[in-house]
Amino acid sequence: MIRSTLPPTAPGTVLGVPAAPLRGHVLGYRGYRLALRQPRRRLEVPTDVVTVALAFEGGVRLADAVSLAPAAAFGSVVAGLRRTATIAEHAGVLYGLAVSLTPEGAFRAFGPLAGELGGQWAEAGDVLGPRLRALTDRLAHAPSWPARFAMLDGYFGALFAYGPDWDPSVHWVWRQLRRSHGLVPIRTLVEGTGWSRRRLELRFREHLGVAPKQAAGILRLQHTLTALAAHQDRHTGDRPTGADLAVRCGYYDQSHLDRTFRTMVGCSPREFLASRHTAAAALPEPADRVSGRVTSAVLDAGS
């Protein structure tokens, strides 16, 4: 299903849903063609999503939002699971598309390289190999966004057909973490697999690139963000946090939530939500890159 009928050269954002057989591994497609008068920065929070961004024109600079280390420049890029937020900036001109993969889908598509992506970004060519240029050229010259998304269906469908499966125990652990929003005790996961804690961490890192405790933190943050965003939608202008919400999301109290949020995102919950609210009023494009997840806040809402 395509949520826009923009021609391939028109400005704007186009969202596409993958073919039904791929939806367990591909969360969605996002095409974009931006021609802004000034640079734009986005704060991308930790999510349980692996992103493949293929650039037709322009590039991005990525920096850790917490450590504030120097930014790195990328054209096409693959981003693995990260425990801290990213500041993504482009010069104003950006044309390309992004594919959002589940961690299991990334492992099936890229094999052990998916585990090596944990916590970092990589040039897409280092992951996709020499086939990247041909794929990007074909996509760039396709006659429409639906044609591009159909091309991606075929490409990833072929990768999934022959890719490796997750270890069943890793699959079980991930399912428990997702069902509990990251609140299941690690001890329960160790007992459920029959592995030692060290083996569980090693195998989980090999498949997802992060340890179970880190993955739990990402899922708990996403659960918190969803609750905060829903609260903001209902009570615009009110303080969107509280002790009851903090406890429901697995934190000891409000202070614990705020400290953890700042450690992972680089700002307070209030600052993050204020950025989203300001951008929502100024921008026609959706704030979030993936349906059903809180992923982003635009830091520069000017056009």
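The structure contained in this document is the topic of the report that follows. The numbering scheme is per chain: residues are counted from 1 as the chain's sequence reads. Side-chain atom pairs in this predicted model are given and counted only at pLDDT of 80 or more, local residue features only at pLDDT of at least 70, and totals for whole chains, interfaces and linings cover all residues. The side-chain values count all of the structure's non-hydrogen atoms but skip hydrogen atoms and water molecules.

### Points about the sheet that holds strand E5 (residues 60–64)
Inference 1: Whether two strands pair depends on DSSP finding at least two bridges between them. Strands are runs of DSSP state E lasting at least 2 residues, helices are runs of H or I lasting at least 4, and numbering of each runs from the N terminus. Within the open sheet, the 5 strands sit side by side as E6-E5-E8-E3-E11. Their pairing is antiparallel. Two strands lie at the open edges of the sheet, namely strand E6 (72–74) and strand E11 (296–298), each paired on one side alone. Strand after strand, the sheet turns through a mean of 25° between neighbouring axes, direction not considered.
Inference 2: Of the pairings in the sheet, the one linking E5 to E6 comprises 3 bridges and is antiparallel in character. Bridging from a neighbouring strand, Leu62 pairs with Ala72 of E6. Here an axis means a line fitted to C-alpha atoms, over the contact stretch when the element is a helix, while the angle between two N-to-C directions is reported on a 0 to 180 degree scale.

### Regarding the packing of aromatic side chains
Inference 1: Between rings of Phe, Tyr and Trp, where Trp is taken as its six-membered ring, a pair exists when centres lie within 6.5 Å; planes separated by under 30 degrees are stacked, by over 60 edge-to-face, and by other angles tilted. For the coordinates displayed, the defined rule picks out 10 aromatic pairs.
Inference 2: Ring centres of Tyr29 and Phe149 lie 5.5 Å apart, and the angle between their planes is 15°; this geometry places the pair in the stacked category. In this pair, Tyr29 sits in strand E2 (residues 26–35) while Phe149 sits in helix H5 (residues 145–162), placing the two residues 120 residues apart along the sequence. Pair check on accessibility: Tyr29 and Phe149 agree, each one buried.
Inference 3: Aromatic side chains Tyr155 and Phe156 sit 5.2 Å apart centroid to centroid with 90° between the ring planes, which places their arrangement in the edge-to-face category.
Inference 4: Through a chain of ring-to-ring contacts, the aromatic side chains of Tyr29, Phe56, Tyr95, Trp145 and Phe149 assemble into a single cluster.
Inference 5: Remark: a charge is flagged as sitting over a ring if the NZ atom of Lys or the CZ atom of Arg is within 6 Å of the ring centre and within 35 degrees of the ring normal. Taking the ring centre of Trp145 as reference, the NZ or CZ of Arg148 above it sits at 4.4 Å. Buried residues are those whose accessible area, probed at 1.4 Å on protein chains only, stays under 20% of the maximum for their type, while exposed residues exceed 50% and partly exposed ones sit between those limits.

Read these as geometric descriptors, not functional statements.
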